Amino acid sequence: MPRDTPLWVSATENALKSVSFVPRTAHKGRVEEISDGVAMISGLRGVTLDEVLRFEGGQTGFARVLDPDLIGCVLLDAASEVEAGDAVFGTGEVVTVPTGDALLGRVVDPLGRPLDGKGLINATTHLPIEQPAPSIIERDLVTEPVQTGVVVVDTLFALGRGQRELIVGDHSTGKTTLAIDALIAQRGSDMICIYVAVGQKTSSVRRAIDALEVQGNFARCIVVVAGSSEAPGLQWIAPYAGMTMAEHFRDNGQHALIVIDDLSKHAATHREIALLTRQSPGREAYPGDVFYIHARLLERAAKLSKERGGGSLTALPIAETDSGNLSAYIPTNLISITDGQIVLDAALFHQGQKPAVDVGLSVSRVGGKTQAPELRKAAGTLRLDYAQFLELEVFTRFGGVPDGRVRAQLTRGARIREALRQSQHMPLRLEDEVALMRAVQAGVLDSVPLTAITKFRAALPAIVDQETDETLMNALTQFAATLAES
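Keep in mind that what you see is a predicted model, and the values were worked out from it rather than measured.

Student: Even after reading the chapter, I still don't get the overall build of the protein, so can you show me in this structure?
Tutor: Each helix and strand counted, the protein has 15 helices and 18 strands in total. Dimensions of the protein along its principal axes, counting C-alpha atoms only, are 105 × 55 × 45 Å. Considering the protein as a whole, with its 486 residues, one finds that 50% of them fall into the buried category. Sequence separation of at least 24 residues holds for 73% of the intrachain contacts in the protein that already meet a minimum separation of 6. Roughly 22200 Å² of accessible area belongs to the protein as shown, and the carbon and sulfur atoms make up 53% of that amount. Across the protein, 47 positive and 59 negative side-chain charges occur, with their mean positions spaced 2 Å apart.

In structure tokens:
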């Protein structure tokens, strides 16, 4: 009892006045069993699908399976502190994430919690991770280009704002590098970049962040990380959380580009959760809804109509194949969902052709409708010429003796292939790509040794900046001549 008794009594009475002594209900259950990040809970009959559940130790999870007697809850925090018999409470809410400009330049987990040590994120709005995709009437045609700075993509498989283009290939064939280059290329554009790492190694994520910080405009980027060591629940919600963060900018008339790296690991996490919650496996042991979870995710990428603000959300999901098997279950699903695919070939990669894009299997179903007009004009018949060269090259390897016309095609094709080769994290500007394609198509490089093509490409920006459109080709021809003589 304090010495100043009247003052203590007055303070206590004031404190009691602010307390509401009314009955309160609590939706309470208990943990029956817990293993591998999934808890089976009884006593929560009124829980809805994907409702957030809170454990007595402060951990959270969301209801994934609703059986008559048990609730399958996927934890969003470490399961080490959760034990059988612990109390669990329903919240009546769904999983939400912070959105808005406060996330720009930050590295966060799928719940929006900071991972970069830069302090709390003061977001003014929070939105559910699951939101309906725009309806057909709310969408507009995909006509505006997305310049990736990757010559082989921009010239042969042009991307548009609002498109969904799958990047697919074997392990370690440059899929992430290609996607990061596309994000770096937006450093001078009006696009917001979101990179979502699902089940990736910490070292891989660190390299991606370093590349964005050094070569890109990180102040206009958001990195969402759910590493391989994180709870399965965090890995499962990561693509949806990233999509919600990107949708904020789209719905406010801005433009966003999201990379999801990768959906093969996301599908494996979904399979793991399904098996732990005792769902029946389907084809290749994946649950029957694995196609639906990716379809409803990628359908959220869209170009909105003018009435909806005209914003866009472009998606570059990544998937991994095994020994180049594009007909596997998950790659097949994603190919059918997206608007095209960029296929990376392991053989090309090991031959040093990087990016190792297989031009025969890759396709953009939007294509030339979104390609920059000047680049489309400069590229001309590039894809046809390159395809013919690849066939002729195979033919001559078996002893065919080419005539003069075929030798000219082989010479030109070799220069095309060398022009499409590109170092990582060095995207080209649109004007540099146009100049390079004009030089290739005009035969300027035919006399240049293949080993000197790299020097020619490196000197392009300076030449382009100095010359006018009328004098550019003369300058390129003169420079190519000096390389041919050296």
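Student: Hey, could you run me through the pairing of strand S6 (residues 87-94) in this one?
Tutor: On a regular strand, each side chain points to the face opposite its neighbour's, so the side chains alternate between the two faces of the sheet. Sheet topology places strand S1 (residues 28-35) next to S6; 3 bridges connect them, and they run antiparallel. Directly across from Arg30, in S6, lies its bridge partner Ala87. The pairing of strand S3 (residues 51-55) with S6 spans 4 bridges and is classified as antiparallel. Following the sheet pairing, Arg54 is matched in S6 by Phe89.

Student: Hey, could you run me through unusual backbone geometry in this one?
Tutor: Here the residue pair Asp261 and Asp262 is connected by a cis peptide bond, since its omega of -5 degrees sits within 30 degrees of zero. With respect to the element layout, Asp262 can be found in the loop between strand S15 (255-261) and helix H6 (263-276). In this chain, Lys354 is followed by Pro355 through a cis amide linkage whose omega measures 0 degrees. With respect to the helices and strands, Pro355 occurs in the loop between helix H9 (346-350) and strand S18 (363-364). Backbone geometry places Ala285, a non-glycine residue, at a positive phi of 70 degrees. Here Ala285 shows up in the loop between H6 and helix H7 (290-298). The class of Ala285 is partly exposed, set by a relative accessible area of 33%.

Student: What should I look at first to understand the nonpolar core in this one?
Tutor: In globular proteins that are soluble, nonpolar side chains generally tend to be buried together. Counting residues in each nonpolar core, the largest one holds 73 residues, and the members touching the most others are Val152, Leu436, Phe456 and Leu476. In contact with Phe456, not counting residues within four places along its chain, are Leu436, Ala439, Leu445, Leu476, Phe479, Ala480 and Leu483. Counting 53 residues, the second largest nonpolar core, distinct from the first, contains Ile129, Leu166, Ala241 and Met243.

Student: What am I meant to see in the packing of H7 against helix H8 (residues 329-337) here?
Tutor: The packing of two helices is summarised by the inter-axis angle and the distance between the axes. Relative to each other, H7 and H8 sit at 35 degrees, their axes nearing to 10 Å. Here H7 and H8 pass one another in a crossing that is right-handed. Only Tyr329, Ile330, Asn333, Leu334, Ser336 and Ile337 of H8 make contact with H7, whose side of the interface consists of Val290, Phe291, His294, Ala295 and Leu298. Split into classes, the residues belonging to the contact of H7 with H8 amount to 8 nonpolar, 3 polar and no charged.

Student: Explain the side chain of Asn333 here, please?
Tutor: Among the structural elements, Asn333 can be located in helix H8. Non-local contacts of Asn333, meaning those with residues more than four positions away in its chain, are made with Val290 and Phe291.

Student: Is there a simple way to think about the packing of aromatic side chains in this case?
Tutor: Given two aromatic rings, one states the distance between the centres and the angle between the planes to describe the pair. All told, the structure shown has 5 aromatic pairs when counted by the stated rule. Measuring from centroid to centroid gives 5.8 Å for Tyr286 and Tyr329, while their planes differ by 50 degrees, and the two rings are tilted. Taken together, the residues span a long stretch of sequence, with Tyr286 in the loop between H6 and H7 and Tyr329 in helix H8 at a distance of 43 residues. The exposure classification of Tyr286 matches that of Tyr329, with both residues buried. Ring-pair connections join several aromatic residues into one group, and the members of that group are Phe62, Trp236 and Tyr240. A cation over an aromatic ring shows up here: Arg271 above the ring of Tyr286, its NZ or CZ 4.3 Å from the ring centre.

Cut-off values and rules
- Residues numbered from 1 in each chain as written.
- Predicted model: local features only at pLDDT ≥ 70, side-chain atom pairs only at ≥ 80, totals over all residues.
- Heavy atoms only, no water.
- Helix = DSSP H or I, 4+ residues; strand = E, 2+ residues; numbered from the N terminus.
- Buried < 20%, exposed > 50% of the residue type's maximum accessible area, 1.4 Å probe, protein only.
- Contact = heavy atoms within 4.5 Å.
- Areas by Shrake-Rupley, 256 points an atom, 1.4 Å probe, with all protein chains shown as cover.
- Lys, Arg positive; Asp, Glu negative; His and termini not counted.
- Charge placed at Lys NZ, Arg CZ, Asp CG, Glu CD.
- Pairing = 2+ DSSP bridges.
- Core = buried A, V, L, I, M, F, W, Y, C linked by side-chain atoms within 4.5 Å.
- Axes fitted to C-alpha atoms, helices over the stretch in contact; angles between N-to-C directions.
- Left-handed = near helix turned anticlockwise from the far one by under 90°.
- Nonpolar A, V, L, I, M, F, W, Y, C, P; charged D, E, K, R; others polar.
- Phe/Tyr/Trp six-rings, centres within 6.5 Å; stacked < 30°, edge-to-face > 60°.
- Lys NZ or Arg CZ within 6 Å of the ring centre and 35° of its normal.

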